Amino acid sequence: MAATVDPRPKKLQQNAVLKFKNLEVAEGERFCMFWSGYSEKNPDGWSDEGCHVVRSESSSVQTECSCNHMTHFAVLVGYGDNLEQITKTDEKILTILTYIGLAVSIIGIILTIISYVYFTDVHQPLSQIRISLASSLGAGQVIFLAGINATGNTTVCVAVAALTQYFLMAAFFWMFVEGIYLYLFVGKVYNINNKMTIYHVMSWCFPAVMVAISLSIAAGKDGIQSLVSDEYCWMTSDNNLIWMFVVFVAMIDVVCISMLVRVIKKTTTIQPTEETHIQQIRLDTKACAVLIPFLGVTWLFAILSPRHKAFVYTFTILYSTQGFLIFFFHCVSNIQITERIRARVNVFRIGRSANVGISPYKTPTVSTYV
């Protein structure tokens, strides 16, 4: 199929939509391509630059393509022996896992926020960090759950993808701040109370800058709608913009793990003591040592998901359990929170009031490196 416009515009204001009738049902993956001529970049003469399959409008009898230029178009079918397609049954199972898992995850996040608001001193740095981490991750998952399938409205779909990216990046940045907190607290005996305003500005503003850059690049290349895929309202890998998110996550993980290694070495040298805050430091360090790699590896499976549906299942399960794990490691395993809840329950049982004041753990009064 060929299409042209005279005079030829430098760039189409709106993508051209082409519908191809399938002569037979193809089991392989379909690609919208155009003839670009033989070159080192395209040795077979075909290219998909600026074109993609509109999967929401395609079926077994028709393939719809969306392209930002005019030329000779065709639909090519790829038959890969190692590529296992997602079936309708798989889609139903994944949908059920996603909704159930994210519902449990969001409940865990809500319980985490409530626990730190009511059972810790919210003015303490660690409480602020944990509440901000849970809030950003929870907001990202709520938006993801509510709008992931809103592909029918381009504006809404792009907004969902951008907001999800923003809150997830903010969550990772708060993990980075928690790593800094533990490193300074244990390794340098440093009070970061007067630095929390800076950390809040960095953690909420830097992800916004990254999202703005992603939107600007997408708008400048193939239109802002190219930020998302046709199947879900999430960043597509077609224009490689998702690698900004992946590289960001990888850098945060590497830096945090390196800091945690030093913190673990330091805590092993601390002599056994009955002080609650020393025990809690060790528990927090172990929690971060589990959560930070776990959250990072989750998105590794997201990148690998097009290779095999097993990766899709793995990503769905890991992503939908993050909130529960945060609640388990940061609340259930938190000595101060569990002690204060136990004290409240005992007060309720014996019918008398009590005033129990316990903070996440003591903050040293030293304000400089020692």
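The following refers to the structure shown.

1. A look at the sheet that holds strand β5 (residues 62–67)
Read across the open sheet, the 3 strands follow the order β1-β5-β4; overall the sheet is antiparallel. This sheet does not close on itself; its edge strands, each paired only once, are β1 (16–21) and β4 (51–53). Sheet twist, expressed as the mean angle between neighbouring strand axes with direction ignored, is 25°. In terms of strand pairing, β1 meets β5 through 6 bridges, oriented antiparallel. Looking across to β5, one finds that Phe 20 is bridged to Thr 63.

2. Looking at the side chain of Asn 22
Relative to the helices and strands, Asn 22 resides in the loop between β1 and β2 (29–35). Among the polar contacts made by the side chain of Asn 22, one reaches the side chain of Thr 63 at a distance of 3.0 Å. Excluding anything up to four places from it in sequence, Asn 22 contacts Arg 30, Ser 59, Ser 60, Val 61, Gln 62 and Thr 63.

3. Some points on the packing of aromatic side chains
Taken as a whole and assessed by the stated rule, the structure comprises 11 aromatic pairs. Aromatic side chains Phe 328 and Phe 329 sit 5.2 Å apart centroid to centroid with 85° between the ring planes, which places their arrangement in the edge-to-face category. Look at Phe 328 and you get partly exposed, because its relative accessible area is 36%. Put simply, the rings of Phe 173, Phe 176, Phe 206 and Phe 248 pair up and form one aromatic cluster.

4. Focus: the pattern of salt bridges
In this structure the tally under the stated criterion is 1 salt bridge. Among the ionic pairs, Glu 178 bridges to Arg 130, the shortest N-O distance being 2.7 Å. Separated by 48 residues along the polypeptide, Glu 178 in helix α3 (residues 154–188) and Arg 130 in helix α2 (residues 125–147) bring together distant segments of the chain. Residue classification places Glu 178 among the buried residues on the basis of a relative accessible area of 1%.

Conventions adopted
- Residues numbered from 1 in each chain as written.
- Predicted model: local features only at pLDDT ≥ 70, side-chain atom pairs only at ≥ 80, totals over all residues.
- Heavy atoms only, no water.
- Pairing = 2+ DSSP bridges.
- Helix = DSSP H or I, 4+ residues; strand = E, 2+ residues; numbered from the N terminus.
- Axes fitted to C-alpha atoms, helices over the stretch in contact; angles between N-to-C directions.
- Polar contact = N/O pair within 3.5 Å; in protein donor to acceptor, adjacent residues only side chain to side chain.
- Contact = heavy atoms within 4.5 Å.
- Phe/Tyr/Trp six-rings, centres within 6.5 Å; stacked < 30°, edge-to-face > 60°.
- Buried < 20%, exposed > 50% of the residue type's maximum accessible area, 1.4 Å probe, protein only.
- Salt bridge = Lys/Arg side-chain N within 4 Å of Asp/Glu carboxyl O.

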